[in-house]
Amino acid sequence: MYENSIKILGAYGTKAKGFGTTSFMLDAATVIDAGNLLNALAENSLHVEYIYLTHSHLDHIADIAYIVDNYFLQRRKTLHIISLPQTIQALKKHFFNDIIWPDFSKIPLEGSEEMSIRYRDVHCNETYTLNNKTTIMPIETDHTVPSCGYIYKVNNKGVLITADTLSLENIINRLNNDREIKSLVIECSFPSSMEKLARVSKHLTPKLLFKALQKLQRDDIRLYINHIKPSYLKEITEEIEEFGRNFRPILLKDGDFINF
């Protein structure tokens, strides 16, 4: 029934025992975000070559450090970190800076002159070709740091992954105007009782999410929800069932698949 799939390596909004943070596997070499690579992939994480980042927050970048460190001698190909210029600069300045973690962009692979890590900028609203049937496009999202979601398409069938955001205006405009997008993955981090914190930290609650989705002019979108904070999983799940029943949302778990 479905030709393509994305594996959910990490589905949640913060670390807790048994819960992985955000990471989507597009294929064996390509992921979006790096919150849960080692636990999900183990030794197969050494085959990851391309990491597209949505933004610089720790729950989306943490395992970049560990997949290089754990499998340094086994890696034969450079790890490419790809994101908005501001995100790349944040990683260089605050993470891979020889203070928090080694700067692997200065360390060559074993037996090679190629560096262990290379950085590459992308820009919102530009389409990048991954292969002859697959493209990826960053789109602007509304978060506390420069941030983007991604429209990932295979043979002109697409999934829009938002990552962390408060405003959905740009997302809904995309969905209303691009019929090739078949699925939406959207965050819902906090229960509605914590709306003030959600707004300050630029995240969504069930009430905020489904109020915004009322402007969606399509009824053929498969809606997936991720980035729930594990401590509030039961409360948020109940609210999603209450406020979002018309959208028939699917709550993602680690190890799930998005088929499209």
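In this text the structure is predicted, and so the values were computed from the model without any measurement.

(A) Focus on the overall build of the chain. The secondary structure content of the chain amounts to seven helices and 14 strands. Relative to the compact-globule value of 18 Å for 260 residues, the chain shows a C-alpha radius of gyration of 18 Å, a close match. Counting only C-alpha atoms and orienting by the principal axes, one finds that the chain spans roughly 55 × 40 × 30 Å. For the chain, with 260 residues in total, the buried portion stands at 53%. Of the side-chain charges in the chain, 30 are positive and 32 negative, and the distance between the mean point of each set is 3 Å.

(B) Spatial organisation of the sheet that holds strand S4 (residues 50–52). Sheet architecture is open: seven strands sit in the order S6-S5-S4-S3-S2-S1-S14, paired in mixed fashion. Single-partner strands in this sheet number two, and they are strand S6 (117–121) and strand S14 (257–259). Put simply, the sheet's adjacent strands are angled 25° from each other on average, direction ignored. Bridge count between strand S1 (residues 5–10) and strand S2 (residues 23–27): three bridges; the pairing is antiparallel. By the bridge assignment, Gly10 is partnered in S2 with Ser23. Contacts from helix H2 (residues 58–70) reach S4, strand S5 (79–83) and S6, with the element oriented near 170° to S5.

(C) Main features of the pattern of salt bridges. A full pass over the atoms with the stated rule returns 11 salt bridges. With its nearest N and O atoms 2.8 Å apart, the salt bridge here joins Lys153 to Asp178. In this pair, Lys153 sits in strand S9 (residues 148–154) while Asp178 sits in the loop between helix H4 (169–177) and strand S11 (181–187), placing the two residues 25 residues apart along the sequence. Across this residue pair, the class does not change: Lys153 and Asp178 are buried. The salt bridge partner of Lys234 is Glu238, with a shortest N-O separation of 2.6 Å. Placement of both Lys234 and Glu238 in helix H7 (residues 233–243) is noted, with a separation of four residues, approximately one turn of the helix. Judged by relative accessible area, which is 62%, Lys234 ranks as exposed. Since its relative accessible area comes to 42%, Glu238 is described here as partly exposed. One salt-bridge network, held together by shared partners, links Lys153, Asp178 and Glu180.

(D) Representation of the pairing of S6 within the structure. Two elements, S5 and S6, share five bridges in a ladder whose sense is parallel. The residue of S6 that forms the bridge with Ser83 is Asp121.

(E) Main features of the side chain of Asp256. Here Asp256 is to be found in the loop between strand S13 (250–251) and S14. Assessed through its relative accessible area of 19%, Asp256 is described here as buried.

Criteria and thresholds
Residues numbered from 1 in each chain as written. Predicted model: local features only at pLDDT ≥ 70, side-chain atom pairs only at ≥ 80, totals over all residues. Heavy atoms only, no water. Helix = DSSP H or I, 4+ residues; strand = E, 2+ residues; numbered from the N terminus. Rg over C-alpha atoms; globule rule 2.2 N^0.38 Å. Buried < 20%, exposed > 50% of the residue type's maximum accessible area, 1.4 Å probe, protein only. Lys, Arg positive; Asp, Glu negative; His and termini not counted. Charge placed at Lys NZ, Arg CZ, Asp CG, Glu CD. Pairing = 2+ DSSP bridges. Axes fitted to C-alpha atoms, helices over the stretch in contact; angles between N-to-C directions. Contact = heavy atoms within 4.5 Å. Salt bridge = Lys/Arg side-chain N within 4 Å of Asp/Glu carboxyl O.

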